[in-house]
Protein chains: 2
Amino acid sequence: MNEKLLAFILTVAILMSLASAFAQTENARSSGQAPSKSLVERLGYSADQKLLIVHADDLGMAHSVNRASIKALETGLVSSSSIMVPCPWLPEIAAYAKAHPQADLGLHLTLTSEWKQLRWGPVLGRERASSLVDSDGYFYSLESEAAAHMDLREAESEIRAQIERAKTLGIKPTHLDSHMGTLYQNKALFEVLMKVARENKLPVRLSKEWFGRAAFMTSVLGPDDIVLDRIISIEPTVTAEDWSRFYTEEIKNLQPGITGMIVHLAYDDEEMKGVTSEHPNWGAAWRQRDFDFVTSEAFRRVLQENQVKLVTWREVGRLIK
Amino acid sequence: MNEKLLAFILTVAILMSLASAFAQTENARSSGQAPSKSLVERLGYSADQKLLIVHADDLGMAHSVNRASIKALETGLVSSSSIMVPCPWLPEIAAYAKAHPQADLGLHLTLTSEWKQLRWGPVLGRERASSLVDSDGYFYSLESEAAAHMDLREAESEIRAQIERAKTLGIKPTHLDSHMGTLYQNKALFEVLMKVARENKLPVRLSKEWFGRAAFMTSVLGPDDIVLDRIISIEPTVTAEDWSRFYTEEIKNLQPGITGMIVHLAYDDEEMKGVTSEHPNWGAAWRQRDFDFVTSEAFRRVLQENQVKLVTWREVGRLIK
């Protein structure tokens, strides 16, 4: 083969390869598909890295929740957390947020009030958000009741008001999620959530695994929306004795990709027993078990042994331009 | 003296006595003075009886407050209590009120939010009561700040809304008082309080001893308004060691008449330490000391030894037609 032929073949090969790459990019862009790089790769890790966001929900709900969650955030094994703006202990967590600007704190957008003795209602007030409250003037107890009664415009105004109120108190949220999944209940609510999240350039807690039972999500999401690969969340079917084993097995079986692990932390004290009275699921003892596990040496060890790296929503959110 | 003369004299005497009684009644009515009988006598006791309303403030503020106050109400040594409608643990105390219709529960009308980590705001919502809230959207911390900023119409609407909201939740208040004395700050606010109280036919916590430093009160009050003879309230100048001695001396020195004794009950637990952090006055340990005293055998004994009878606001309120 002479040199001219070799140069010609190489030139053709380079041009074909460039054309192919261009076509792939164009194809991805025009079909609305996510870029071919995985979320883990976009975060700068190799494709086989196992990333985990250990996330404590419900901050602001009670002093017991705040105390336990702050303690767990500060041990380093809980990497992220989210705040319920309509709840009474918001000032405590807002002061913490201001004093700890690096803490990874999002907003746990709240449209339900599920306990009996301690309840809360809309930031907008009952009159401006009358479709969001029950006959006692608090948010509905169940997410399905809330979704069934709510005026979409009031729901949108309320979640915007929660974000504004958080900012007024000095909180700079790193992400959004939805207390009791109320905003994932149907397509219309999910569209509201995503619209508000995109405007605020904030990532939303979403899992690819949810698409099977909520097919509407894929029709709302675009290529720029961030979706975790999987979310781990303990369920009432797990007995107290199996608590550690459940989480340990989940970590051992973790696949490459980015996973969210949702925990609910509090101490099993009088305050929390009062909040969650007559409701063992997600109750005071449940939250103490979660706290005990995420602050345990066993959790630290299983994360190390399985090369799981903890990440935050702040790191993920940086991908949003 | 013959029989006719005797009959004439008796008839004249009876007529003169009737005329005098009529004139006295007319005089009292036209001059706007209180009826000559003391409050104690109007309640059916002899004029030298010592009556005491032992009253726990701040119900609904926190679970710790509710637990301690309910316990003290049920021991029998606290005879009355009042509820803060804007506070987070209102549902717990409303459920208690419904289950215990004989409990003497009034409303502790609330226009201030004095702690740092747990705060609350208007039942009306921030927009409809914007003059009542600070830049963080909660009631002002101090009663003087609240009084200085408030629009009187908003204050009146808010206290009416608190009464309505209590009724919606099944509370049938026996009396009214004012958290941190905000509604006793000036004549205009006091007029609002008395107007709303009279319309609702509810007695208001007032003491004759206050008239010296709030002379406007007498110009607002009429003959039908109920005023206690004295109110006992411990102050920050009393040391922890002198707590029992202070109350014991007050009871020993009690004069005939009707006295209110205001206590603030809670347990010195993590929740209450969190509520009252950096604020020892009326703080968690203070409230534990009050709880310890009002549930003590020493308190029971000193009441007995000094022939002090406990009464309720419900009994007092029955005098209002």
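Residues numbered from 1 in each chain as written. Chains lettered and ligands numbered in written order. Predicted model: local features only at pLDDT ≥ 70, side-chain atom pairs only at ≥ 80, totals over all residues. Heavy atoms only, no water.

K.L.:
Run through the overall build of chain A, naming residues and quoting values.
P.N.:
What chain A contains, in helices and strands, is 13 helices and seven strands. Looking at chain A as a whole, 54% of its 321 residues are labelled buried. The contacts of chain A with a sequence gap of at least 6 include a subset with a gap of at least 24, amounting to 73%. Roughly 14,400 Å² of accessible area belongs to chain A as shown, and the carbon and sulfur atoms make up 52% of that amount. (Helix = DSSP H or I, 4+ residues; strand = E, 2+ residues; numbered from the N terminus. Buried < 20%, exposed > 50% of the residue type's maximum accessible area, 1.4 Å probe, protein only. Contact = heavy atoms within 4.5 Å. Areas by Shrake-Rupley, 256 points an atom, 1.4 Å probe, with all protein chains shown as cover.)

K.L.:
Residue-level account of helix α4 (residues 90-99) of chain B, with values.
P.N.:
Counting buried residues along α4(B), seven of its 10 residues qualify, which places the element largely inside the surrounding structure. If you check which residues of α4(B) are buried, you get Leu90(B), Pro91(B), Glu92(B), Ile93(B), Ala94(B), Tyr96(B) and Ala97(B).

K.L.:
Can you lay out the relation of the copies chain A and chain B for me, pointing to particular residues and giving the numbers?
P.N.:
Once chain A is rotated about the relating axis by 180° and shifted along it by 0.0 Å, it coincides with chain B to within an RMSD of 0.0 Å. One copy is carried onto the other by what is essentially a two-fold rotation axis. Looking at the rotation axis and the C-alpha trace of chain A, the residue lying nearest is Gly125(A), at 2.1 Å. By residue overlap, the copies meet face to face through one surface: 100% of the interface positions of chain A are interface positions in chain B. (Least-squares fit on C-alpha atoms with pLDDT ≥ 70 in both.)

K.L.:
So what's going on with the environment of Ser131(B)? Which residues, and what values?
P.N.:
All names here are of chain B. Assignment of secondary structure puts Ser131 in the loop between β3 (105-109) and α5 (143-149). Each C-alpha atom, one on Ser131 and one on Ser141, is 13 Å from the other, the two residues being 10 residues apart in sequence. Dropping the residues within four chain positions of it, Ser131 is found in contact with Tyr140, His149, Met150, Asp151 and Glu154.

K.L.:
Account for the packing of helix α3 (residues 63-75) of chain A against helix α11 (residues 284-294) of chain A, naming residues and giving values.
P.N.:
All names here are of chain A. Put simply, α3 and α11 touch, their axes get as near as 10 Å, and they point 15° apart. One element, α3, and the other, α11, form an angle in the roughly parallel class. Crossing hand, α3 versus α11: left-handed. Across the interface between the two elements, Val65, Ala68, Lys71 and Ala72 of α3 pack against Arg287, Phe291 and Val294 of α11. (Axes fitted to C-alpha atoms, helices over the stretch in contact; angles between N-to-C directions. Parallel < 35°, antiparallel > 145°, perpendicular 65-115°, else oblique. Left-handed = near helix turned anticlockwise from the far one by under 90°.)

K.L.:
Now, about the pattern of salt bridges: what can you tell me, with residues and values included?
P.N.:
Across all of its chains, the model carries 36 salt bridges over all chains by this definition. Residues Asp58(A) and Arg287(A) are paired through a salt bridge, measuring 3.0 Å at the closest nitrogen-oxygen approach. Of this pair, Asp58(A) sits in strand β1 (residues 50-59) while Arg287(A) sits in helix α11, placing them 229 residues apart in sequence. For Arg287(A), a relative accessible area of 1% gives the class buried. For the salt bridge of Arg160(B) with Glu156(B), the shortest nitrogen-to-oxygen distance reads 2.8 Å. Linking Arg160(B) with Glu156(B), this pair stays in helix α6 (residues 152-168), spanning four residues, or about one helical turn. Take Arg160(B): its relative accessible area is 27%, and that puts it in the partly exposed class. (Salt bridge = Lys/Arg side-chain N within 4 Å of Asp/Glu carboxyl O.)

K.L.:
Any chance you could break down the confidence of the model for chain A for me, citing the residues and the numbers?
P.N.:
All names here are of chain A. When pLDDT is averaged across chain A, the result is 92; 89% of the residues are at 70 or more. Scored below 50 in pLDDT, residues 18-32 shows two contacts in the model against residues more than four places distant or in partner chains. Across the predicted assembly, pTM comes out at 0.88 and ipTM at 0.86. (pLDDT = per-residue confidence, 0-100.)

K.L.:
Describe in detail the interface of chain A and chain B, supporting the description with residues and values.
P.N.:
It is common to report an interface's size as the accessible area lost on association of the parts. Counting residues at the interface gives 27 residues for chain A, matched by 27 residues for chain B. When chain A packs against chain B, close to 2,300 Å² is buried across both sides, 50% of that on carbon and sulfur atoms. The three residues of chain A that bury the most area against chain B are Trp89(A), Gln117(A) and Arg165(A), which together make up 23% of that side's buried surface. Counting across the interface, chain A meets chain B through four salt bridges. A salt bridge links Glu270(B) to Arg67(A); the shortest N-O distance between them is 3.7 Å. In this assembly, chain A and chain B are joined by 12 residue pairs in polar contact (both at pLDDT 80 or more). Secondary-structure elements contributing two or more residues to the side of chain A that touches chain B are α3, α4 (90-99), α6 (152-168) and α10 (270-275) of chain A. Examining the composition of the side of chain A that touches chain B, we find that four residues originate from one element, α10(A), more than from any other. (Buried area = accessible area lost by both parts, 1.4 Å probe. Polar contact = N/O pair within 3.5 Å; in protein donor to acceptor, adjacent residues only side chain to side chain.)

K.L.:
Residues and numbers for the nonpolar core, please.
P.N.:
By size, the foremost hydrophobic cluster in this structure holds 105 residues, and its most contacted members are Phe190(A), Leu206(A), Ile258(A), Met261(A), Val294(A) and Phe299(A). Sort the elements by how many residues they give to this core and helix α7 (residues 187-199) of chain A lands first, with seven residues. Look past the residues within four positions of Phe190(A) in its chain and what remains in contact with it is Leu183(A), Tyr184(A), Leu206(A), Phe216(A), Met217(A), Val220(A) and Leu221(A). The next biggest cluster of nonpolar side chains, apart from the first, holds 104 residues, and it includes Met84(B), Ala146(B), Phe190(B) and Ile231(B). (Core = buried A, V, L, I, M, F, W, Y, C linked by side-chain atoms within 4.5 Å.)

K.L.:
How would you explain the side chain of Thr112(B) if you had to name every residue and give the values?
P.N.:
Among the secondary structure elements, Thr112(B) is positioned in the loop between β3 and α5. Residues in contact with Thr112(B), not counting those within four places in the same chain, are Trp120(B), Phe139(B), Tyr140(B), Ser141(B), Leu142(B), Glu143(B), Ala146(B), His179(B), Met180(B) and Thr182(B).

K.L.:
Account for unusual backbone geometry, with residues named and values stated.
P.N.:
With phi around 60°, Glu278(A) is a residue other than glycine that occupies positive phi space. Inspection of the secondary structure puts Glu278(A) in the loop between α10 and α11. Residue classification places Glu278(A) among the exposed positions, given a relative accessible area of 69%. Phi is positive for Met180(B), which is not a glycine, with a value near 60°. Tracing the backbone through its elements, the reader meets Met180(B) in the loop between β4 (176-178) and α7 (187-199). With a relative accessible area of 28%, Met180(B) lands in the partly exposed category.

K.L.:
Which residues make up the environment of Ala129(A), and what values go with them?
P.N.:
Residue and element names in this part refer to chain A. Mapping Ala129 onto the fold places it in the loop between β3 (105-109) and α5 (143-149). The buried category is assigned to Ala129, whose relative accessible area is 0%. As a C-alpha pair, Ala129 and Glu158 span 29 residues in sequence and 7.3 Å in three-dimensional space. Once you skip the residues sitting within four places of it in the chain, Ala129 turns out to touch Pro122, Leu124 and Glu154.

K.L.:
Explain the packing of aromatic side chains residue by residue, including any values.
P.N.:
A complete count under the given rule lists 18 aromatic pairs over all chains for this structure. When the ring of Phe190(B) is compared with that of Phe216(B), the centres are 5.9 Å apart and the planes differ by 65°; the resulting orientation is edge-to-face. Highlighted residues: Phe190(B) in helix α7 and Phe216(B) in helix α8 (residues 216-220), separated in sequence by 26 residues. For the ring pair Phe293(B) and Phe299(B), a centre distance of 4.9 Å and an interplane angle of 45° mean the geometry is tilted. Classification of Phe293(B) by relative accessible area gives buried; the value is 2%. Grouped by ring-pair contacts, the aromatic residues Tyr184(A), Phe190(A), Trp210(A) and Phe216(A) constitute a single cluster. (Phe/Tyr/Trp six-rings, centres within 6.5 Å; stacked < 30°, edge-to-face > 60°.)

K.L.:
Got a sec to walk through the side chain of Glu271(B)? Specific residues and values, please.
P.N.:
Structurally, Glu271(B) can be placed in helix α10 (residues 270-275). Among buried charged residues, Glu271(B) stands out as having no salt bridge; its nearest opposite-charge side chain is Arg67(B), 5.3 Å away. Engagement of the side chain of Glu271(B) in a polar contact is seen with the backbone nitrogen of Ser64(B), the distance being 2.9 Å. Once you skip the residues sitting within four places of it in the chain, Glu271(B) turns out to touch His63(A), Trp89(A), Glu271(A), Ala62(B), His63(B), Ser64(B) and Trp89(B). (Lys, Arg positive; Asp, Glu negative; His and termini not counted.)

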